[in-house]
Structure formats: structure tokens, C-alpha cells
Amino acid sequence: GAGVSQSPSNKVTEKGKDVELRCDPISGHTALYWYRQRLGQGLEFLIYFQGNSAPDKSGLPSDRFSAERTGESVSTLTIQRTQQEDSAVYLCASSVAGFSGNQPQHFGDGTRLSIL
Amino acid sequence: GENVEQHPSTLSVQEGDSAVIKCTYSDSASNYFPWYKQELGKRPQLIIDIRSNVGEKKDQRIAVTLNKTAKHFSLHITETQPEDSAVYFCAAIPSNFGNEKLTFGTGTRLTIIP
């Protein structure tokens, strides 16, 4: 079946502009995660949605970052007033409900964001 | 919070030899440990994972071992092939009750020398 889908695949924008990144999780996956990967580095957790529970926003680096999710489907990550340090690949992952323990997270191809 | 350390940062092995990558974690409550392979410009792909109730898991040429007492886990790749060249990330989740955020190691760039 279809995997996690992210759009756009690449985004170049000027410093100070707002950007919106989209993630379509695997159908039936109730958990959705956003991570950030700077060039040559590991993945940093940003935010996590699980069903109708309040999201875990503990990884968001500043109040310029926000995310929403509609039910158990699409999520959007918004970065306002972008800065050059926001340049990174933004990765989305999804997993089935973890009722029987942690479930594998499956990643999308990411959005490569470049701030000029 | 959880802290995951990964070593080495780079590793080169001759084709056919074995490769071992090691990770340590700080939170004794962590109970799920996946390994991801990421080729250049591609998405991280889950290659193997282990839960805290087992000490070892194998899948063909790949194996993962877990030592809960010492809080470390390792990835073993045997009979390495050129297509094994990639960056490998270990991760841990500090929860027993469902999905939580992954804390990743800093990655190991593995190069297989033909």
C-alpha cells in the first residue's frame, strides 16, 4: 500500500516568510510524528499526535513552529517568520496505535526546506 | 529525558566482513529500540527493532543485541555488501504504554569497501 507522503519535496523561501509542510500518513495509522534533520545530523523530535489526545509539542524549538492534524489523517507543520537556522529536512512518520506496545514508525521522504 | 549515544560516527569495512555499531541509552524505562538505515537523500528505513523482553533478534544478515543492565544495544551486519553502505541510526523510546517520540543517536556512516 501507499507509504507516508510528504509535500512539497523541496521548498526554497526567503527569510521571514511563512511555510507550510504537509504530511499524509499511512491509512489507518493513528500516530503521527514530525522530526527535523539538519544536514549531516541525526533526527530531532518536534511534535507527536496520537488519535484524539492532546499532541506532545515538547520538541518544538520555538513558538514560530506549530502543527495541526485533522482527525487521524493529514497533518501540516507551519513555520512562521522563517530563519536560516530552520533550513533542514522535515520528516514525517506514522505508526499504528500502540495498544500492545511501541509500534514501528514509518517515514516519508521528507521536505527539504532551504531558507535564503 | 532520554539520551542516546552512538559509536562509531564512521566505519569502513571490507566487503564480506562484519560491521558492528553500538548505542547506549540513559533512561532505564526505555523498552523499544529500532535501527534505521538512511541512504543519501532518502527516507530513514526501519531495518530491525528489538523490545526489552528479548536479548537478541536476527533477520538474515542483520542482528541486534540488547543488554538492559548495561543500557546498551548493538547492530551487527554480517557478510557485508556494497549496498549496505549508508548512514545507520539507532533510537530508543522511554515508554511502556504506547507510541512515544523516538530519541535518535547521531548516526554511523558505514562504507563497504569492494
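Above: the structure in question.
Worth saying up front: this structure is predicted, and the values here are computed from it rather than measured. (Residues numbered from 1 in each chain as written. Chains lettered and ligands numbered in written order. Predicted model: local features only at pLDDT ≥ 70, side-chain atom pairs only at ≥ 80, totals over all residues. Heavy atoms only, no water.)

Turning to the state of the cysteines, a few remarks are in order. Enumeration according to the criterion identifies two disulfides over all chains in this entry. Bridging C23 of chain A to C92 of chain A, the disulfide has an S-S length of 1.9 Å. On the S-S bond that ties C23 of chain A to C92 of chain A, the torsion sits near -65 degrees, and the link is left-handed. Placement of C23 of chain A in strand β3 (residues 19-24) and of C92 of chain A in strand β8 (residues 88-95) is noted, with a sequence separation of 69 residues between them. Judged by relative accessible area, C23 of chain A falls into the buried class, the value being 0%. Look at C92 of chain A and you get buried, because its relative accessible area is 0%. Linked covalently through their sulfurs, C23 of chain B and C90 of chain B form a disulfide whose S-S length is 1.9 Å. Since a negative S-S torsion denotes a left-handed disulfide, the C23 of chain B-C90 of chain B link at about -100 degrees is left-handed. (Disulfide = S-S within 2.5 Å. Helix = DSSP H or I, 4+ residues; strand = E, 2+ residues; numbered from the N terminus. Buried < 20%, exposed > 50% of the residue type's maximum accessible area, 1.4 Å probe, protein only.)

A word on the pairing of strand β5 (residues 45-51) of chain B. Residues and elements named next belong to chain B. Here six bridges tie strand β4 (residues 32-38) to β5, and the two strands are oriented antiparallel to one another. If you follow P34 over to β5, its bridge partner there is D49. In this antiparallel pair of consecutive strands, β4 and β5, the connection spans six residues, and G41 shows a positive phi of 75 degrees. (Pairing = 2+ DSSP bridges.)

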